[in-house]
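Chain by chain, the residues:
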Amino acid sequence: MRNIKTIIHLSFLLALLVSCSTWLDVEPENLALKGNLYVSEEDAFASKSGLYHTFGEIVEQRFVLGEFRGNLVKPGPGARQYHDIMDVFKHNIQADNKYASWEIHYRLINQCNDILEHIHQIPDHDAALQEGYEYQFALEAIFMRCYTYFDLVKNWGDVPYITKASQDVSQDFSVAPMPADSILEQLIAQLSLTHEWSLKYWDGSFQYWGTYGEDGWDTESWQREMANYGAVLGLLIEINLYMERYEEVLKIWDIMSRPTNQWNFSHNLTFCGSGDDWFRAIYVGGAENAGPVPWESGNTLNLVYKEEFNQWNIYVEFTSNRPQDGGEYIVKPSEAAIRNWVINGDVTRGERKSWWTDSLSFGRTDSIIWKYIGLDTLGTRRDPYVSDGNVIIYKTHNYSLQVAEAFNRLGRANEAIKLVNEIRVALEIPTIKMTANSSMIEVEDMIMRERAREMAFENQVWYDLVRVAKRRRDPNYLIDLIVDNTPVESKEFVRANLEKVVSTWWQLPYHVDAVARNSKLTQKPGF
């Protein structure tokens, strides 16, 4: 059985690696890890846990780059003491800005490469790693690596593409950037293979074990904390939408929404419930939470923080204005964000759900982002820096609204409007009164406003704006929205900064440390 298992595993990895064989040798051979690194199942699980630990370190950068550059937030009273953060708000990101560094990304990629190279080394006598778990670990590593490379492409464009583990990702090396489109093709091929193999070995669903204790691995599964089959399909949707391959988006959506038992999340593609159910779906407590667990609310990948493991949720520090939380909160909702909820009559996702204030006045200075510090709609907040809770990375509403974009771009506006209204009916919000007689741009604007209400403060808004601006070949779509959200004294400065890098669609510069270490990395013009 063990030999058969090894043969199958090697066949899987060979199939995966053949799809990107042209790029396997970009990493110098002398940096490859050697030796048998996995001598027991504890080593394997520890390595897999390490993936999620590093992924957690990316969350601050995700929040800053995905929200602070958008039009739904503005600086809070504590932001001005952080030079790098204020430069992000002003779209004045230089090559020495810490948020222009991809160091954490490549550290996570290196961990994924390490698992893919060495997971098969578990000794034959170690029966604790049952048949199938090696494949599961490999599939999770492939997903994590693909997710991270997609994040790199969205932010930096052409980047080094590395598929071999290195002893030290911070040391000098020479790897030329790979064209962004070529990287995306590799990711689609790998995720498609992951989709096929997950169907073959787990009936379409990954298996998950919990924490390791005296009695072995806890079989009470914490699936909400792990990448799963739904996350694989969701990432495929997102990449194909980014590449404007709308027919492919619909093909993947058909698999996700198929009423079968191919994967154990299929029955949860019904939309989140109304009222408090929606709020809990956005900010689920920990494993102890009494509300619906994430996969019951259509979520397929969460980032989990546990105080007992000394994991601190940076979102609390960014958003809370309580003195015991630091008081000088860094980011707050913009007037544009609040107006989008209030004028639309959206109380389900608006006040006391996504944001909080004692007045509906758009000019209030005490409005705060509530998603990450509030426990309920009655004003209960987390204790200072108590971080138990989840940050949702992928959820069903994200997928469905992206699919609505694809329907609309294919001239199927009725189906796009239907998807949006299914969400609104589930949330007990009046439906959108729009027909297919509306123009493609009008329907798309409606979808983007809906995404702003649904996905606010979830690291999506900036990438939404860039995607639509590129799709329309209209930089002013993004520039005008950002400048409108900028204080009068900064409008000209921000507009000039945005117009300066239109040619690259607002890609980040390569960080000075990356350029210094990589002799084949040439800084982008203007930096």
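Residues numbered from 1 in each chain as written. Predicted model: local features only at pLDDT ≥ 70, side-chain atom pairs only at ≥ 80, totals over all residues. Heavy atoms only, no water.

**So, the nonpolar core**
Buried together is how nonpolar side chains tend to be arranged in soluble globular proteins.
Consideration 1: Membership of the largest hydrophobic core comes to 128 residues, with the highest contact counts inside it found for F68, F143, Y149 and L478.
Consideration 2: Of the residues forming this core, the biggest block, 14 residues, is contributed by helix 6 (residues 133–156).
Consideration 3: Counting six residues, the second largest nonpolar core, distinct from the first, contains V316, Y329, W356 and W370. (Core = buried A, V, L, I, M, F, W, Y, C linked by side-chain atoms within 4.5 Å. Buried < 20%, exposed > 50% of the residue type's maximum accessible area, 1.4 Å probe, protein only. Helix = DSSP H or I, 4+ residues; strand = E, 2+ residues; numbered from the N terminus.)

**Some thoughts on the packing of aromatic side chains**
Consideration 1: Evaluation of the coordinates by the stated rule reveals 17 aromatic pairs.
Consideration 2: Here the aromatic rings of F63 and F68 are separated by 5.5 Å at their centres, their planes lie at 65°, and the arrangement is edge-to-face. This pair shows no difference in class: F63 is buried, exactly as F68 is.
Consideration 3: Three or more aromatic residues joined by ring pairs make a cluster, and in this case those are W102, Y106, Y149, W156, Y161 and Y510.
Consideration 4: Positioned above the aromatic ring of Y463 is the side chain of K154, whose terminal nitrogen or guanidinium carbon lies 4.4 Å from the ring centre. (Phe/Tyr/Trp six-rings, centres within 6.5 Å; stacked < 30°, edge-to-face > 60°. Lys NZ or Arg CZ within 6 Å of the ring centre and 35° of its normal.)

**Section: the confidence of the model for the protein**
In low-pLDDT regions, the fine details of the predicted coordinates are not to be read closely.
Consideration 1: In this model, the protein carries a mean pLDDT of 76, and residues with pLDDT of at least 70 account for 68%.
Consideration 2: In this model, residues 1–8 is a region of pLDDT below 50 whose contacts with residues beyond four sequence positions or in other chains number 16 contacts.
Consideration 3: Confidence drops under a pLDDT of 50 for residues 17–36, and excluding neighbours within four residues, the segment shows 40 contacts in the predicted structure. (pLDDT = per-residue confidence, 0-100. Contact = heavy atoms within 4.5 Å.)

**Digging into the packing of helix 13 (residues 396–409) against helix 14 (residues 413–426)**
Consideration 1: At a minimum axis separation of 7 Å, helix 13 and helix 14 run at an interaxial angle of 160°. Judged on the interaxial angle alone, helix 14 and helix 13 are roughly antiparallel. In the crossing of helix 13 with helix 14, the sense of the turn from one axis to the other is left-handed. Residue-level inspection shows H397, S400, L401, V403, A404, F407 and N408 of helix 13 in contact with helix 14, the latter providing A413, E415, A416, L419, V420 and I423.
Consideration 2: Looking at the contact of helix 13 with helix 14 residue by residue, the class counts come to nine nonpolar, three polar and one charged. (Axes fitted to C-alpha atoms, helices over the stretch in contact; angles between N-to-C directions. Parallel < 35°, antiparallel > 145°, perpendicular 65-115°, else oblique. Left-handed = near helix turned anticlockwise from the far one by under 90°. Nonpolar A, V, L, I, M, F, W, Y, C, P; charged D, E, K, R; others polar.)

**Thoughts on helix 15 (residues 440–455)**
Consideration 1: End to end, helix 15 covers 22 Å across 16 residues, agreeing with the expected 22 Å (1.5 Å per residue, within 8%).
Consideration 2: All buried positions along helix 15 are accounted for by V443, E444, M446, I447, M448, E450, R451, A452, R453, E454 and M455. (Expected span 1.5 Å × (residues − 1).)

**A few points about the state of the cysteines**
Consideration 1: According to the stated counting rule, one finds zero disulfides in the structure shown.
Consideration 2: C112 takes part in no disulfide bond, and the closest cysteine sulfur, belonging to C146, lies 8.9 Å away.
Consideration 3: Here C112 falls in the buried class, since its relative accessible area comes to 0%.
Consideration 4: With a relative accessible area of 0%, C146 lands in the buried category. (Disulfide = S-S within 2.5 Å.)

**Side note on the side chain of S354**
Consideration 1: Tracing the backbone through its elements, the reader meets S354 in the loop between helix 12 (335–343) and strand 6 (355–356).
Consideration 2: Among the residues examined, S354 registers a relative accessible area of 0% and is labelled buried.

**Some points on the pattern of salt bridges**
Consideration 1: What the rule picks out here adds up to 25 salt bridges.
Consideration 2: Across the salt bridge formed by E335 and K74, the nearest N and O atoms sit 2.5 Å from each other. Taken together, the residues E335 in helix 12 and K74 in strand 1 (residues 73–75) connect sequence positions 261 residues apart.
Consideration 3: You can call E335 partly exposed: its relative accessible area is 22%.
Consideration 4: Owing to a relative accessible area of 19%, K74 belongs among the buried residues under this scheme.
Consideration 5: Of the charged contacts in the structure, one is a salt bridge between E499 and R495, with a shortest N-O distance of 4.0 Å. Linking E499 with R495, this pair stays in helix 18 (residues 491–500), spanning four residues, or about one helical turn.
Consideration 6: Assessed through its relative accessible area of 26%, R495 is described here as partly exposed.
Consideration 7: The structure contains a network of salt bridges with shared partners spanning E405, R409, E444, D445, R451, D464, R467, R471 and R472. (Salt bridge = Lys/Arg side-chain N within 4 Å of Asp/Glu carboxyl O.)

**Observations concerning helix 14**
Consideration 1: Taking 1.5 Å per residue, 14 residues should reach 20 Å; helix 14 reaches 20 Å between its end C-alpha atoms and fits that length.
Consideration 2: Restricting attention to buried positions, one finds in helix 14 the residues A413, A416, I417, L419, V420, N421, I423 and R424.
Consideration 3: Immediately downstream of helix 14, the backbone of E428 shows phi near 60°, a positive value.

**Regarding unusual backbone geometry**
Consideration 1: Phi at E244 is positive, roughly 60°, even though this residue is not glycine.
Consideration 2: The residue E244 is located in the loop between helix 8 (229–242) and helix 9 (246–256) in this model.
Consideration 3: The exposure class assigned to E244 is partly exposed, which follows from its relative accessible area of 31%.
Consideration 4: Its identity is not glycine, yet W506 carries a phi of approximately 65°, on the positive side.
Consideration 5: With respect to the helices and strands, the residue W506 is situated in the loop between helix 18 and helix 19 (512–517).

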